[in-house]
Amino acid sequence: MKIALDVMGGDNAPNTIIEGAYLASKEYDFEIILVGKEEQIKKEITKLGKFPRKLTIKNAKEVIKMDDSATEVLRNKKDSSIRVAVELVRLKEADAVVSAGHTGASMAASITVLNKLDGIERPAIAVLIPTKNGSTVLIDAGANVNCKPYNLVQFAILGSAYARCILGFDHPRIGLLSNGTEETKGTETIKKAHKLLKQTKLNYLGYLE
């Protein structure tokens, strides 16, 4: 696997991000493309030691700040580290993108450059929550403010696929977060999503409080 890493985004970037990549290259068997200002990346790597063979650099001259507008970024910062990292996936020079930077810009760049999966209207953020039996996928965790019922169904499909393919669950259980387990509770959006989910072939359990 080859991962494009936006080293310019996130707290204490780029040095902390680069240090993490440096340590990961020694522990895991995958390649990492460090995307950002080349001279700055080389300087940080030099501080850490010998340049690992699993790390390569892709120069990106611009940096997206956390207070930048996501739409403005796409128009005016086409050589930003996030945009360039996503382009590497489109060009099949990388298999995945990792960024700890501007969430809105990451989402906007992904939609614009990679497009969406057929049948999925909106992207979603998945977060793994540790449990006694492994992990639970929380989705969506911040990409969307307002959703329609069928968006929640689509998120359930995405989360179920992730739990099967990545976490190894044969029949992932799906729950819909609400303010109670009774069917009379929840917003109209939640109630409609509940009805739709019961009609799917997903292993849907109902509301989770």
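Computed from a predicted model, the values in this text were never measured in an experiment.

### What about the overall build of the protein?
Item 1. Regarding its fold elements, the protein presents seven helices and eight strands.
Item 2. With respect to the three principal axes, the spread of C-alpha positions in the protein is 60 × 40 × 30 Å.
Item 3. Here the protein holds 209 residues, and 36% of them are scored as buried.
Item 4. The long-range fraction of contacts in the protein, counting pairs at least 24 apart against all pairs at least 6 apart in sequence, stands at 56%.
Item 5. Split by element, the accessible area of the protein, about 12800 Å² in all, is 51% carbon and sulfur.
Item 6. Taking the 30 positively charged and 25 negatively charged side chains of the protein as two groups, their mean positions are separated by 3 Å.

### Concerning the sheet that holds strand β1 (residues 2-6)
Item 1. Strands sit in the order β3-β2-β1-β4 across an open sheet of four strands; the sheet is parallel. Pairing within the sheet leaves two strands with one partner each, and these edge strands are β3 (55-59) and β4 (96-99). Taking each pair of neighbouring strands and ignoring which way they run, the sheet shows an average axis angle of 25°.
Item 2. Direction of pairing for strand β2 (residues 31-36) relative to β3: parallel, over a ladder of five bridges. Considered in β3, the bridge of I33 is made with T56.

### With respect to the pattern of salt bridges
Item 1. Under the defined criterion, the tally for this structure stands at nine salt bridges.
Item 2. With a closest N to O distance of 2.9 Å, D68 and K77 form a salt bridge.
Item 3. Using a relative accessible area of 22% as the deciding quantity, one classes K77 as partly exposed.
Item 4. With a shortest N-O distance of 3.7 Å, K198 and E183 are connected by a salt bridge. Placement of K198 in helix α7 (residues 188-198) and of E183 in the loop between β7 (173-177) and α7 is noted, with a sequence separation of 15 residues between them.
Item 5. Within the structure, one salt-bridge network assembled from shared partners comprises R83, E87 and R90.

### Considerations on a nonpolar patch on the surface
Item 1. On the surface, L128, Y162 and I166 cluster together to form a nonpolar patch covering roughly 270 Å² of accessible area.
Item 2. Along the chain, the position of Y162 falls in helix α6 (residues 149-165).

### Some thoughts on the environment of S69
Item 1. Secondary-structure assignment places S69 in the loop between β3 and α3 (70-76).
Item 2. Separated by 33 residues in the primary sequence, S69 and H102 place their C-alpha atoms 9.3 Å from one another.

### Some thoughts on α6
An α-helical turn contains 3.6 residues, so any two residues separated by three or four positions project in the same direction.
Item 1. With 17 residues, α6 extends 25 Å between its outermost C-alpha atoms, agreeing within 8% with the 24 Å of an ideal straight helix rising 1.5 Å per residue.
Item 2. Of the positions making up α6, those classed as buried are P149, N151, L152, V153, Q154, F155, A156, G159, S160 and A163.

Rules behind the numbers
Residues numbered from 1 in each chain as written. Predicted model: local features only at pLDDT ≥ 70, side-chain atom pairs only at ≥ 80, totals over all residues. Heavy atoms only, no water. Helix = DSSP H or I, 4+ residues; strand = E, 2+ residues; numbered from the N terminus. Buried < 20%, exposed > 50% of the residue type's maximum accessible area, 1.4 Å probe, protein only. Contact = heavy atoms within 4.5 Å. Areas by Shrake-Rupley, 256 points an atom, 1.4 Å probe, with all protein chains shown as cover. Lys, Arg positive; Asp, Glu negative; His and termini not counted. Charge placed at Lys NZ, Arg CZ, Asp CG, Glu CD. Pairing = 2+ DSSP bridges. Axes fitted to C-alpha atoms, helices over the stretch in contact; angles between N-to-C directions. Salt bridge = Lys/Arg side-chain N within 4 Å of Asp/Glu carboxyl O. Patch = residues over 30% accessible without salt bridge, like charges linked within 9 Å, V, L, I, M, F, W, Y side chains within 5 Å. Expected span 1.5 Å × (residues − 1).

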